[in-house]
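# Coordinate inspection notes
Listed below are the residues making up each chain.
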Amino acid sequence: DPEVVSKDDVEMLQDLILAAVNDAHRKADEELQKIDRFVRRNTTGGAGGGVHLAGASTLTMLSTSAIVRNEAFDVGGGLAVEGAMNQVTLAGHASIRGNRTTDGEGLGGGVAIAIQSSVSLEDDASIRGNSGAYGGGAWVNGDLQLDDHAAVRGNLASGQGGGVNVGVDGTL
C-alpha cells in the first residue's frame, strides 16, 4: 500500500518483509507442534527418521495420529527427542509404530529419549512394532511415562531391551 510505505524507504520495506517471514515461520512452528495425522515413510542418515526434536521443544500427538514406517541410521527411527527440556505427549490412540534404526548399534527403533527430556503416553497411546539394536520400542536416557492404558508392545531389539532399554540416566 503506497500510503503505508514509500517505495524509496528501503529500510521500512526490509522490516515489513522480515516481519512477514518471521510470522510465517512462527505459524509453521505452531502447526508442527501438534500432529493430528501421520508422519510416515521418511528416512534420515542421522537421528529422527520421522521427527527430530532438539532444545526445549513440545510435541503433542492427538487422537489417531501416528509416526509410522520411518527409519533413522542411528537414533530414533520414528522420533528422536534430543537436547534438554523437550516434552512429548501421545494421547488417545496416537502411536509410534513400524519404525526402525538401521545401524547395528542403533538406539530406539521407535523413539529415543535423551537426558532431561520426557515422553508421556496417555489413554490408549502406544509404541509398537518398531525395531532397533538397543530399545526396539524405546531407548530411554530421559523419562518415559506410561499411564494405565498405554502400551509398549511387539517391538524387537537385536541387542538389549526389546520393548524398552533404560539407560544410566533414564526413568520408566
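Right above here is the structure, for reference.
Described below are features of the structure shown in this document.

### Thoughts on the overall build of the chain
If you tally the helices and strands in the chain, you get one helix and 20 strands. Counting across all 172 residues of the chain, residues that qualify as buried make up 41%. Of the contacts made within the chain by residues no fewer than 6 positions apart, 82% connect residues no fewer than 24 positions apart.

### Looking at the nonpolar core
With 22 residues, the main nonpolar core has Leu 79, Val 88, Leu 90, Val 111, Val 119 and Leu 121 as its most contacted residues. Elements with a contribution of two residues or more to this core: β4 (51-54), β5 (58-61), β8 (79-82), β9 (87-90), β12 (111-113), β13 (118-121) and β16 (138-140). Non-local contacts of Leu 90, meaning those with residues more than four positions away in its chain, are made with Met 61, Ser 95, Ile 96, Val 119, Ser 120, Leu 121, Glu 122, Ala 125 and Ser 126.

### Notes on a nonpolar patch on the surface
Together, Met 12, Leu 13 and Leu 16 make up a nonpolar patch on the protein surface, roughly 220 Å² of accessible area in all. Tracing the chain through its elements places Met 12 in helix α1 (residues 10-33). Judged by its relative accessible area of 34%, Met 12 is partly exposed.

### So, the side chain of Ser 117
Secondary-structure assignment places Ser 117 in the loop between β12 and β13. Here the side chain of Ser 117 touches Gly 83 through a polar contact of 2.8 Å, landing on its backbone oxygen. Those residues in contact with Ser 117 that lie beyond four places of it in its chain are Val 81, Gly 83, Ala 84, Met 85, Asn 86, Gly 142 and Asp 143.

### Some points on the sheet that holds strand β10 (residues 95-97)
In space, the five strands of this open sheet follow the order β2-β6-β10-β14-β18, with parallel pairing throughout. One side of each edge strand has no neighbouring strand; the edge strands of this open sheet are β2 (38-40) and β18 (151-153). On average, each strand axis in the sheet is tilted by 5 degrees relative to the strand beside it, whichever way the strands run. Pairing between strand β6 (residues 66-68) and β10: three bridges, direction parallel. Along β10, the bridge assignment pairs Ala 66 with Ser 95.

### Some remarks on the environment of Gly 49
Relative to the helices and strands, Gly 49 resides in the loop between β3 (43-44) and β4. With relative accessibility at 6%, the residue Gly 49 sits in the buried group. Not counting chain neighbours up to four residues away, the residues in contact with Gly 49 comprise Asn 42, Thr 43, Thr 44, Asn 70, Glu 71, Ala 72, Gly 76, Gly 77 and Gly 78.

### Notes on the environment of Gly 92
Mapped onto the fold, Gly 92 is located in the loop between β9 and β10. Counting along the chain gives 57 residues from Gly 92 to His 149, while the straight-line C-alpha distance between them is 9.9 Å. The contact partners of Gly 92, leaving out residues within four places of it in the chain, are Ser 63, Glu 122, Asp 123, Asp 124 and Ala 125.

### Description of the sheet that holds β12
Taken together, five strands build an open sheet; the order of strands is β4-β8-β12-β16-β20 and the sheet is parallel. Every other strand in the sheet has two partners, leaving β4 and β20 (164-166) as the edge strands with one partner each. Neighbouring strand axes in the sheet, compared pairwise and without regard to direction, differ in orientation by 5 degrees on average. Looking at chain direction, β12 and β16 are connected through three bridges and run parallel. What sits directly across from Val 111, in β16, is Ala 138.

### Quick word on the packing of aromatic side chains
Under the criterion given, the structure shown has zero aromatic pairs. When the ring centre of Phe 38 is taken as origin, the NZ or CZ atom of Arg 40, which lies over that ring, is 4.8 Å away.

Parameters at a glance
Residue positions are given per chain, counted from 1 along the sequence in the order it is written. Under the rules for a predicted model, residues below a pLDDT of 70 receive no local features and side-chain atom pairs below 80 are neither given nor counted, while totals for whole chains, interfaces and linings still include all residues. Water and hydrogen atoms were dropped before computing side-chain values, which therefore reflect all heavy atoms in the structure. Numbering of helices and strands runs from the N terminus, with a helix taken as a DSSP run of H or I at least four residues long and a strand as a DSSP run of E at least two residues long. Think of it in three bands: residues with accessible area under 20% of the maximum for their type are buried, residues over 50% are exposed, and the middle band is partly exposed, with areas taken using a 1.4 Å probe on protein chains only. By definition in these notes, contact holds between two residues if any of their heavy atoms fall within 4.5 Å. Working definition of a nonpolar core: buried Ala, Val, Leu, Ile, Met, Phe, Trp, Tyr and Cys residues. They are joined through side-chain atoms within 4.5 Å. Exposure above 30% relative accessible area and no salt bridge define the residues that can form patches, which grow by joining like charges within 9 Å and nonpolar side chains of Val, Leu, Ile, Met, Phe, Trp and Tyr within 5 Å. Where accessible areas are quoted, they stem from the Shrake-Rupley method and a 1.4 Å probe; at the residue level, only the protein chains shown are allowed to cover. By convention in these notes, a salt bridge is any Lys or Arg side-chain nitrogen within 4 Å of a carboxyl oxygen on Asp or Glu. Side-chain atoms alone can form a polar contact between residues adjacent in sequence; in general such a contact is a pair of N or O atoms within 3.5 Å, and within protein one must be able to donate a hydrogen while the other accepts it. For two strands to be treated as a pair, DSSP must find no fewer than two bridges joining them. Where helices are involved, their axes are fitted lines through C-alpha atoms of the stretch in contact, as for all axes, and angles between N-to-C directions lie from 0 to 180°. What counts as a ring pair is set by centres within 6.5 Å for rings of Phe, Tyr and Trp (its six-membered ring), and what kind of pair is set by the plane angle: stacked under 30 degrees, edge-to-face over 60, tilted for all other angles. The rule for a charge over a ring is simple: NZ of Lys or CZ of Arg within 6 Å of the ring centre, and within 35 degrees of the ring normal.

Limitation: the analysis is restricted to geometry and does not speak to function.
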